[in-house]
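Next come the chains, spelled out residue by residue.
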Amino acid sequence: MTPHEVRTREFAACRRGVDPDEVREFQARVSDELAMLNETVRLLSQENDRIKRALRDWQSMHARECRPTHEQRGNSGHW
């Protein structure tokens, strides 16, 4: 559900309904909160991707620098 869908949703009128102004105010608050949460998720996803790339780069660099010598066999390496 998007913030726009929340903000523009209309409800059928009924005999003993709710205050339309109160409903619109609530929709606006929920829509704003949803937009903020969507932005937070987007930013966190970007940060997650950045951290994953940095980890892969570090692992590649570390693997190149820590190649086992001929004397080292099996699990006798640095890690």
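Since the structure is predicted, the reported quantities are computational estimates derived from the model, not experimental observations.

### Overview of helix α2 (residues 20–65)
Over its 46 residues, α2 extends 67 Å from the first C-alpha to the last, a length consistent with the 68 Å expected when each residue adds 1.5 Å. Those residues of α2 that sit buried are Gln27, Ser31 and His62. Where α2 is buried, its residues touch α1 (3–8). Capping the start of α2, Asp19 holds a side-chain oxygen 3.1 Å from the backbone nitrogen of Asp21, two or three residues further along.

### What about the pattern of salt bridges?
One pass over the structure, following the stated rule, counts five salt bridges. Across the pair Asp21 and Arg24 runs a salt bridge whose closest N-O atoms are separated by 2.5 Å. In this pair, Asp21 and Arg24 both sit in helix α2, three residues apart, roughly one turn of the helix. A relative accessible area of 49% means that Arg24 is categorised as partly exposed. Ionic pairing is found between Glu39 and Arg42, a salt bridge with its closest N-O pair at 2.6 Å. Placement of both Glu39 and Arg42 in helix α2 is noted, with a separation of three residues, approximately one turn of the helix.

Basis of the calculations
Residues numbered from 1 in each chain as written. Predicted model: local features only at pLDDT ≥ 70, side-chain atom pairs only at ≥ 80, totals over all residues. Heavy atoms only, no water. Helix = DSSP H or I, 4+ residues; strand = E, 2+ residues; numbered from the N terminus. Expected span 1.5 Å × (residues − 1). Buried < 20%, exposed > 50% of the residue type's maximum accessible area, 1.4 Å probe, protein only. Contact = heavy atoms within 4.5 Å. Polar contact = N/O pair within 3.5 Å; in protein donor to acceptor, adjacent residues only side chain to side chain. Salt bridge = Lys/Arg side-chain N within 4 Å of Asp/Glu carboxyl O.

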